[in-house]
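This is what each chain is made of:
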Number of protein chains: 2
Amino acid sequence: MSIGETITLSDNATEDRSIAIREALRNAIIDRRLTPGTKLSENEVGSLFDVSRTVARAALQMLTFEGLVKTERNRGAFVSNPTPDEARQIFASRRLIEPGIVAAAVDRITAKDIESFRRQLEEEEHYMTARGPSARRAEIKASGDFHLMLASVAGNAILQRFMDELIARSSLVIALYGRTGVSSCGHSEHFAILDLIERGDAKRAADLMLHHIDHIEADLDLQPKHGLGLKDALSL
Amino acid sequence: MSIGETITLSDNATEDRSIAIREALRNAIIDRRLTPGTKLSENEVGSLFDVSRTVARAALQMLTFEGLVKTERNRGAFVSNPTPDEARQIFASRRLIEPGIVAAAVDRITAKDIESFRRQLEEEEHYMTARGPSARRAEIKASGDFHLMLASVAGNAILQRFMDELIARSSLVIALYGRTGVSSCGHSEHFAILDLIERGDAKRAADLMLHHIDHIEADLDLQPKHGLGLKDALSL
DNA sequence: AACCCAAAGATTGCATACGATTTGCCCAGA
DNA sequence: TCTGGGCAAATCGTATGCAATCTTTGGGTT
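Residues numbered from 1 in each chain as written. Chains lettered and ligands numbered in written order. Predicted model: local features only at pLDDT ≥ 70, side-chain atom pairs only at ≥ 80, totals over all residues. Heavy atoms only, no water.

1. Comments concerning the relation of the copies chain B and chain A
Line of reasoning, step 1. Of the transformation placing chain B onto chain A, the axial shift is 0.0 Å and the rotation is 180°, giving an RMSD of 0.1 Å. Overall, the copies show the geometry of a two-fold rotation axis. (Least-squares fit on C-alpha atoms with pLDDT ≥ 70 in both.)

Printed below as a string of structure tokens:
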């Protein structure tokens, strides 16, 4: 993806370049290539993608809206460092929304969709066998992708956008607070949820989704990450 | 609010001016002073608020994120003209989220909050007696404010932001598709919901909220709005 | 008369320039 | 040596200018 110094954006130059940059940064953040707290200077981002500060700024503004980036006036933009409380709010939001998405998906999913889901899940299993940080990133990403695909077949663009944001922030949270080898059970739950959806059992599918989210959250170690904010350093 | 030609933003000049402009435009849109389809030219907005295009552009970009404004590349920004389908998605989203907000509010609401809610609701009743377009705007706004206040006591910043967006877009939808004298029953339902919350009856409060949303949506006439393009004016 | 094409006007997309604010550093003084 | 003030570098916030694109209008052709 990187060529020398500048990063070439996939050829959607017809689209707004700021959107392409947002996507690139988004992926980097949820892949944990950009860790929380990293400063995203407008100049740096701009020169990295070979655009002016104007468009870099627009991308950062979008990410700020999504909660992936926090900007401080006259100081700059930083990769978001979600607090345990934010993490809980994220998962609380998902518990509200995702069962409804599952229910909608049951009504609208096609055999073709299910086929595609299965292929995707099986492909992801390959990553699960491997270990290491790169595998872990792929695992986190794959876990999110399932939920995003579900949201896309639910047929509600607004909820889909909310889920985009929630999944991105969840990935950040999992990367920050996740214990090491956890999501394996989550992956099998994806299969189970898909089965229930295929059978049209909306109630059980929604319930299992709730449990699934609970499991994901339960596998987090939501202790305040000390050393990041000075307020914690003082209160300790 | 308007002084001569430029609009003076409340003295939060310390804050980002683009945010203040966003708020002003937002209010104008949900108050229906800016009707769907209205073009929001960067130059026009900028000179109205006495800022450069840069700042105006940032405000429009934020509104685009919220779905209140639609931008077309190289053409400009326009006040959003939600389709019936979008309207249905908005209310479907609200049906998912708001019962959860009510449940959270039951746990966290204080006596002080309830007091403040009651005052607010009673104050709104004054508007309800009046008729006319201005009263209608106040009615729509008041109806949304109740839901927003509820979201704010629920203690989940993410859901609160989602609700901000959903209420704003709902207001737009109600202004577009709402029948004339409808929300009166909705207002009494606000009282009833508040009572149930006060009693700590989360289940019933959430149920009533669901019905309330159903009522709001049922009072819409979700026919494709044909009259906004001039083509329809000619066909009549 | 209807249609097509071209040129002018307007508006956005983007880059750059300049002022404002913050941060970090260096040096003077205790 | 340590503290405090001030200066300089870096970065952001904003304005403005230029190029690209879209819309419109006018003229020419069929």
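From this point, things continue past the structure.
2. A short note on the nonpolar core
Line of reasoning, step 1. Core analysis: the largest hydrophobic core is formed by 84 residues, its most contacted members being A:I97, A:L150, B:I97 and B:L150.
Line of reasoning, step 2. With residues up to four places along the chain from it excluded, the contact list for A:I97 reads A:L159, A:F162, A:M163, A:L166, B:L96, B:I97 and B:F162.
Line of reasoning, step 3. If you look at the next biggest cluster of nonpolar residues, it comprises 23 residues, including A:I7, A:I21, A:A56 and A:V69. (Core = buried A, V, L, I, M, F, W, Y, C linked by side-chain atoms within 4.5 Å. Buried < 20%, exposed > 50% of the residue type's maximum accessible area, 1.4 Å probe, protein only. Contact = heavy atoms within 4.5 Å.)

3. Section: the confidence of the model for chain A
Line of reasoning, step 1. In the predicted model, chain A carries a mean pLDDT of 88, and the fraction of residues at 70 or more is 87%.
Line of reasoning, step 2. Here residues 228-236 of chain A is a poorly scored stretch, pLDDT under 50, and it has 3 contacts once near neighbours within four places are set aside; other chains count. (pLDDT = per-residue confidence, 0-100.)

4. Topic: the protein's contact with DNA strand C
Line of reasoning, step 1. In the neighbourhood of DNA strand C, 17 residues make up the surrounding shell, with A:R17, A:S52, A:T54, A:R75 and B:R57 lying closest.
Line of reasoning, step 2. Expressed as a percentage, the sugar and phosphate content of the atoms of DNA strand C within 4 Å of the protein is 74%.
Line of reasoning, step 3. Within the side chain of B:R53, an N or O atom sits 3.1 Å from a base nitrogen of DNA strand C.
Line of reasoning, step 4. Between DNA strand C and B:R57 there is a distance of 2.5 Å, counted from a phosphate oxygen to a side-chain nitrogen or oxygen.
Line of reasoning, step 5. The dominant element in the surface near DNA strand C, judged by the number of residues it contributes, is helix α3 (residues 53-66) of chain A, at 3 residues. (Near = heavy atom within 4 Å. Polar contact = N/O pair within 3.5 Å; in protein donor to acceptor, adjacent residues only side chain to side chain. Helix = DSSP H or I, 4+ residues; strand = E, 2+ residues; numbered from the N terminus.)

5. A closer look at the packing of aromatic side chains
Line of reasoning, step 1. Using the criterion set out here, one finds 4 aromatic pairs over all chains in the structure.
Line of reasoning, step 2. The interplanar angle of 20° and the centroid separation of 5.3 Å between the aromatic rings of A:F65 and B:F65 together place this pair among those described as stacked. Linking A:F65 in helix α3 with B:F65 in helix α3 (residues 53-66), this pair reaches from one chain into another.
Line of reasoning, step 3. For A:F65, a relative accessible area of 23% puts it in the partly exposed group.
Line of reasoning, step 4. Arranged with centres 3.7 Å apart and planes meeting at 5°, the rings of A:F162 and B:F162 form a pair that is stacked. A residue pair is termed interchain when its members come from two chains, as with A:F162 in helix α7 (residues 157-177) and B:F162 in helix α7 (residues 157-177). Considered together, A:F162 and B:F162 belong to a single accessibility category, that of buried residues. (Phe/Tyr/Trp six-rings, centres within 6.5 Å; stacked < 30°, edge-to-face > 60°.)

6. Observations regarding the pattern of salt bridges
Line of reasoning, step 1. Applying the stated criterion across every chain, the model contains 42 salt bridges over all chains.
Line of reasoning, step 2. A salt bridge links B:K70 to B:E86; the nearest nitrogen and oxygen atoms lie 3.6 Å apart. Highlighted residues: B:K70 in strand β4 (residues 69-72) and B:E86 in helix α4 (residues 84-108), separated in sequence by 16 residues.
Line of reasoning, step 3. Residue B:E86 is classed as buried on the basis of its relative accessible area, which comes to 16%.
Line of reasoning, step 4. With a shortest N-O distance of 3.6 Å, B:K141 and B:D145 are connected by a salt bridge. Here the residue B:K141 and the residue B:D145 both occupy positions in helix α6 (residues 133-153), the gap between them amounting to 4 residues, near one helical turn.
Line of reasoning, step 5. A single salt-bridge network, built from bridges that share partners, covers A:K70, A:E86, A:E165, A:R169 and B:R161. (Salt bridge = Lys/Arg side-chain N within 4 Å of Asp/Glu carboxyl O.)

7. Things to note about α3(B)
Line of reasoning, step 1. Taking 1.5 Å per residue as the helical rise, α3(B) with its 14 residues ought to reach 20 Å, and the 20 Å between its terminal C-alpha atoms agrees with that figure.
Line of reasoning, step 2. Along α3(B), the positions that sit buried rather than exposed are B:V55, B:A56, B:A58, B:A59, B:L60, B:M62, B:L63 and B:E66. (Expected span 1.5 Å × (residues − 1).)

8. A closer look at the protein's contact with DNA strand D
Line of reasoning, step 1. Close contacts around DNA strand D come from 17 residues, with A:R53, A:R57, B:R17, B:S52 and B:T54 the closest.
Line of reasoning, step 2. The contact atoms of DNA strand D, taken as those within 4 Å of the protein, divide so that sugar and phosphate hold 75%.
Line of reasoning, step 3. Interatomic distance of 3.4 Å between a backbone N/O atom of A:E42 and a phosphate oxygen of DNA strand D.
Line of reasoning, step 4. In the model, a phosphate oxygen of DNA strand D is placed 3.5 Å from a nitrogen or oxygen of the B:R75 side chain.

9. Topic: the interface of chain B and chain A
Line of reasoning, step 1. Contacts between chain B and chain A engage 27 residues on the former and 27 residues on the latter.
Line of reasoning, step 2. The tally of links between chain B and chain A comes to 13 residue pairs in polar contact (both at pLDDT 80 or more).
Line of reasoning, step 3. Looking at the side of chain B that touches chain A, the elements that each hand over two or more residues are α3, α4 and α7 of chain B.
Line of reasoning, step 4. With 9 residues, α4(B) is the single largest residue contributor to the side of chain B that touches chain A.
Line of reasoning, step 5. Of the residues that constitute the side of chain B that touches chain A, the class distribution is 13 nonpolar, 7 polar and 7 charged. (Nonpolar A, V, L, I, M, F, W, Y, C, P; charged D, E, K, R; others polar.)

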